[in-house]
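In case you want the letters, here they are:
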Number of protein chains: 2
Amino acid sequence: MYETGSVAGLSKSAGWSAMKMVSDAGMEVRSGGSAVGDPNPCADCDVRSRAVCAALDNSELAELASVNRHRSLESGECLFFEGDPNEAYYVVLDGSLKLYKLLADGRRQVTGFLFKGDFLGLTFADEHSVTAEALEGVKLCQMPRSTFEMLVGDSHSLGRKLLQVANRGIASAQEQMLLLGRKTAQERLASFLLWLSARAEDRGDSPSKLYVPMSRTDMGDYLGLTVETVSRTVTKLKTSGVIHLADKGIIEISDLDRLEDIAAG
Amino acid sequence: MYETGSVAGLSKSAGWSAMKMVSDAGMEVRSGGSAVGDPNPCADCDVRSRAVCAALDNSELAELASVNRHRSLESGECLFFEGDPNEAYYVVLDGSLKLYKLLADGRRQVTGFLFKGDFLGLTFADEHSVTAEALEGVKLCQMPRSTFEMLVGDSHSLGRKLLQVANRGIASAQEQMLLLGRKTAQERLASFLLWLSARAEDRGDSPSKLYVPMSRTDMGDYLGLTVETVSRTVTKLKTSGVIHLADKGIIEISDLDRLEDIAAG
DNA sequence: CGCCAGCTTGAACGAGGTCAACGGGAGTGG
DNA sequence: CCACTCCCGTTGACCTCGTTCAAGCTGGCG
């Protein structure tokens, strides 16, 4: 759970395509793919206001723009694996990812989901503690570790911002421990839906019509449940009229009050 | 889980009593209770090397020493409650605490334990996300929020240190999510004992003779189990010769390899 | 001595896991 | 266009691990 900085996105493209970038077969592209000679491409980045970069001034942004790269991942691709050396920091420009840890026998625990605007790589350690895998097509802004850490040293506001992001991550991790350690299956699922809803609201999307990019298996691995239990619990919520399943990947909250009651126990 | 910065301590007093402080009925004491006129009491603090303060230079330490306070708590006393305004940062000088969250019906989740040298209050938010309660007699160094945050702004090394502490907290929170979401009772208890052991080793104590200041209930609330299950599992480990229960509050690891096998699943 | 809190142990129960089958949609190939 | 496969989600039947409920047991403390 690094994220929760400003969780946003899910809108399936928006600003990205508007940038008229050539996707270059999914590979790295210089400085956001902006027109050659753009004096400060980062200043125009459409996720900047909700990302950590909001803490940087124009000269710092220019410095960052000279070394960052845009990358894209396809659904199911991994950005890095648990144990990999930590060589870069990222901001999610579009799409979503999951972070997870594995046990030797394959048991999996998803520790967080990342959406548009979220910061990734808040490790300040040499090794990644989790694997990061794309849930769908993803666009990222990649910043080399050295440059970014230098910027953190120079910019008080960036350091402060990162501490805020880290602390929000800790608070939401504590919340998740409460969920995993003490809540029932119904309470877990209800809490999860409310969390998705709150994130949607944060970015101005409808808090009742949720875009859900993750599979039932991913939800189970996040909530400490099996696929079957997730499925049964979703069905129960649907049958009792609390939620409504619309198109694939969309869950509508029909009765928010009741959902909140269920989440509270 | 703020802690894990440098988890240490447990030795039941040591440096503290050597400071010849008047405990002043458990209330606040100026600048570590050092002799009046000491030019830089923080420089002599015996937990400094393992605490965040290690990142400060002498002038910064002097500044800190002019505003900090020592406090003590008795077993069971709360330093602050979830939802309380966040007014200070703390370093644990001696003793241990638990951090926890509660649900409306009383279900409790312990999110971390703090030992000597640990930093507390890494929130950078206005409200505490957990309750902090003493497991035994505790001595703390309390720094006012405003001064400390100013120091963070001025000192690059302190900011860096805090980011490290925060990130270690995030990594160990992820580890705990894996434990709560996917491990069996035996694996949870074994992982917990190994964690205690690693902390003991960090500070130079025996990694096989563990000081365990928390009750079975606290362990259960940390591991997402009931007291009964903790008790039964401890008994099972004891019966199978993996651990040995010595004096109250002491657990000896008799067969480390087997304990590691159990923790791994 | 009696009381109380913490720990242990036993017996029965149940929430969620496991195993198995099935259905539907997307992709592929004839 | 259909046949086939694969993946994902759903549903059912059964089982298990940990919970719940209920005693006891121990040690500290008035």
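In this text the structure is predicted, and so the values were computed from the model without any measurement. (Residues numbered from 1 in each chain as written. Chains lettered and ligands numbered in written order. Predicted model: local features only at pLDDT ≥ 70, side-chain atom pairs only at ≥ 80, totals over all residues. Heavy atoms only, no water.)

Chemist: Just give me the short version of the overall build of chain A, but keep the residues and values in it.
Modeler: Within chain A one finds 8 helices and 12 strands. Out of the 265 residues belonging to chain A, those deemed buried represent 56%. Considering only residue pairs separated by 6 or more positions, chain A has 74% of its internal contacts joining residues 24 or more positions apart. (Helix = DSSP H or I, 4+ residues; strand = E, 2+ residues; numbered from the N terminus. Buried < 20%, exposed > 50% of the residue type's maximum accessible area, 1.4 Å probe, protein only. Contact = heavy atoms within 4.5 Å.)

Chemist: Outline the protein's contact with DNA strand C, listing residues and values.
Modeler: The immediate surroundings of DNA strand C are formed by 15 residues, with Ala185(A), Thr229(A), Arg232(A), Ser231(B) and Thr235(B) found nearest. Within the side chain of Arg232(A), an N or O atom sits 2.8 Å from a base oxygen of DNA strand C. In this structure, Ser231(B) approaches DNA strand C through a side-chain N or O atom, which is 2.8 Å from a phosphate oxygen. Among the elements of the structure, helix H7 (227–239) of chain A together with helix H6 (216–223) and helix H7 (227–239) of chain B are those that each provide at least two residues to the surface near DNA strand C. Examining the composition of the surface near DNA strand C, we find that 4 residues originate from one element, H7(B), more than from any other. (Near = heavy atom within 4 Å. Polar contact = N/O pair within 3.5 Å; in protein donor to acceptor, adjacent residues only side chain to side chain.)

Chemist: Any chance you could break down the environment of Tyr90(A) for me, citing the residues and the numbers?
Modeler: Residue and element names in this part refer to chain A. By the element assignment, Tyr90 lies in strand E4 (residues 88–94). Among the residues examined, Tyr90 registers a relative accessible area of 6% and is labelled buried. For the pair formed by Tyr90 and Asp118, sequence separation is 28 residues and the distance between their alpha carbons is 8.4 Å. When neighbours within four sequence positions are excluded, Tyr90 is seen to be in contact with Arg71, Leu79, Phe80, Asp118, Phe119, Leu120, Leu140, Cys141, Gln142 and Met143.

Chemist: A description of the packing of aromatic side chains should follow, citing residues and the corresponding values.
Modeler: One pair of aromatic rings is described through two measures. These are the centre distance and the angle between the planes. Residue and element names in this part refer to chain A. Counted by the stated rule, this structure contains 20 aromatic pairs over all chains. Plain terms: the ring middles of Phe192 and Trp195 are 6.2 Å apart, the flat faces sit at 25° to each other, and that makes the pair stacked. With a gap of 3 residues between them, Phe192 and Trp195 both fall in helix H5 (residues 185–202), about one helical turn apart. Taken individually, Phe192 and Trp195 each receive the classification buried, so the pair is uniform in this respect. Grouped by ring-pair contacts, the aromatic residues Phe113, Phe115, Phe192, Trp195 and Tyr222 constitute a single cluster. The ring of Tyr100 has Arg108 lying over it, and the distance from NZ or CZ to the ring centre is 4.7 Å. (Phe/Tyr/Trp six-rings, centres within 6.5 Å; stacked < 30°, edge-to-face > 60°. Lys NZ or Arg CZ within 6 Å of the ring centre and 35° of its normal.)

Chemist: Talk me through the interface of chain B and chain A; I want residue IDs and the actual numbers.
Modeler: Interfaces are often described in size by the accessible area the parts lose on coming together. If you look at the interface, chain B gives 42 residues, while chain A gives 42 residues. Here chain B and chain A share an interface that buries about 3,900 Å² over both sides, 60% of which is from carbon and sulfur atoms. Our enumeration of links across chain B and chain A arrives at 8 salt bridges. Arg182(B) is the partner of Asp221(A) in a salt bridge, and the nearest nitrogen-oxygen pair spans 2.8 Å. Joining chain B to chain A, the criterion identifies 18 residue pairs in polar contact (both at pLDDT 80 or more). Considering every element that reaches the side of chain B that touches chain A, the biggest residue donor is helix H4 (residues 156–182) of chain B, with 18 residues. Tallied by class, the residues present in the side of chain B that touches chain A amount to 17 nonpolar, 15 polar and 10 charged. (Buried area = accessible area lost by both parts, 1.4 Å probe. Salt bridge = Lys/Arg side-chain N within 4 Å of Asp/Glu carboxyl O. Nonpolar A, V, L, I, M, F, W, Y, C, P; charged D, E, K, R; others polar.)

Chemist: An account of the relation of the copies chain B and chain A is needed here, citing residue identities and associated values.
Modeler: Relative to chain A, chain B is turned by 180° and slid 0.0 Å along the rotation axis, the superposed coordinates differing by an RMSD of 0.0 Å. What the superposition gives is, in effect, a two-fold axis relating one chain to the other. Comparing contact sets, 100% of the residues at the interface of chain B also lie at the interface in chain A, consistent with an isologous, same-surface contact. (Least-squares fit on C-alpha atoms with pLDDT ≥ 70 in both.)

Chemist: Please give an account of the pattern of salt bridges that cites residues and values.
Modeler: Residue and element names in this part refer to chain A. Tallied over the full model, the rule gives 30 salt bridges over all chains. With a closest N to O distance of 3.8 Å, Lys116 and Asp46 form a salt bridge. One end of the pair, Lys116, is in the loop between strand E6 (108–114) and strand E7 (119–120); the other, Asp46, is in the loop between strand E1 (29–30) and helix H2 (58–65), with 70 residues separating them in the sequence. The class for Lys116 is buried, based on a relative accessible area of 7%. For Asp46, a relative accessible area of 34% corresponds to the partly exposed category. Between Lys101 and Glu82 there is a salt bridge, with the nearest N and O atoms lying 3.4 Å from each other. A residue pair is termed long-range when its members are at least 10 positions apart, and Lys101 in strand E5 (residues 97–102) and Glu82 in the loop between strand E3 (78–80) and E4 qualify at 19 residues.

Chemist: So what's going on with the protein's contact with DNA strand D? Which residues, and what values?
Modeler: Neighbouring residues of DNA strand D: 16 residues in total, closest Arg216(A), Thr235(A), Ala185(B), Thr229(B) and Arg232(B). Close to the protein, within 4 Å, the atoms of DNA strand D belong to sugar or phosphate groups at a rate of 58%. Between DNA strand D and the protein, one listed contact pairs a phosphate oxygen with a side-chain N or O atom of Thr235(A) at 2.8 Å. At 2.8 Å, a side-chain N or O of Arg232(B) approaches a base oxygen of DNA strand D. At the level of elements, helix H6 (216–223) and H7 of chain A together with H7 of chain B are the ones that each hand at least two residues to the surface near DNA strand D. If you tally residues by element for the surface near DNA strand D, the top one is H7(A), at 4 residues. Residues belonging to the surface near DNA strand D are distributed by class as follows: 3 nonpolar, 8 polar and 5 charged.

Chemist: Give a detailed account of H7(A), specifying residues and quantitative values.
Modeler: All names here are of chain A. Taking 1.5 Å per residue, 13 residues should reach 18 Å; H7 reaches 18 Å between its end C-alpha atoms and fits that length. For H7, every residue scored as buried is listed here: Val230, Thr233, Val234 and Leu237. Seen end-on, H7 carries its buried residues on one side only, within an arc spanning 100°. Within H7, the exposed residues directed more than 90 degrees away from the buried face are Arg232 and Thr239. Following H7 by one or two positions, Gly241 adopts a phi angle in the positive range, close to 80°. (Expected span 1.5 Å × (residues − 1). Arc of directions from axis to C-beta.)

Chemist: Could you give an account of the packing of helix H5 (residues 185–202) of chain B against H7(B), naming the residues involved and the relevant values?
Modeler: Two measures define how a pair of helices packs: the angle their axes make with one another and the distance between the axes. All names here are of chain B. At a minimum axis distance of 10 Å, the contact between H5 and H7 shows a crossing angle of 75°. Considered as vectors, H5 and H7 are oriented roughly perpendicular to each other. Residue-level inspection shows Ala185, Gln186, Leu189 and Leu193 of H5 in contact with H7, the latter providing Thr229, Thr233, Val234, Lys236 and Leu237. (Axes fitted to C-alpha atoms, helices over the stretch in contact; angles between N-to-C directions. Parallel < 35°, antiparallel > 145°, perpendicular 65-115°, else oblique.)

Chemist: Outline the confidence of the model for chain A, listing residues and values.
Modeler: Of the residues in chain A, 85% reach a pLDDT of 70 or more, and the chain-wide mean stands at 86. Under a pLDDT of 50 for its full length, residues 1–28 of chain A has, in the predicted model, 90 contacts with residues more than four places off or in other chains. (pLDDT = per-residue confidence, 0-100.)

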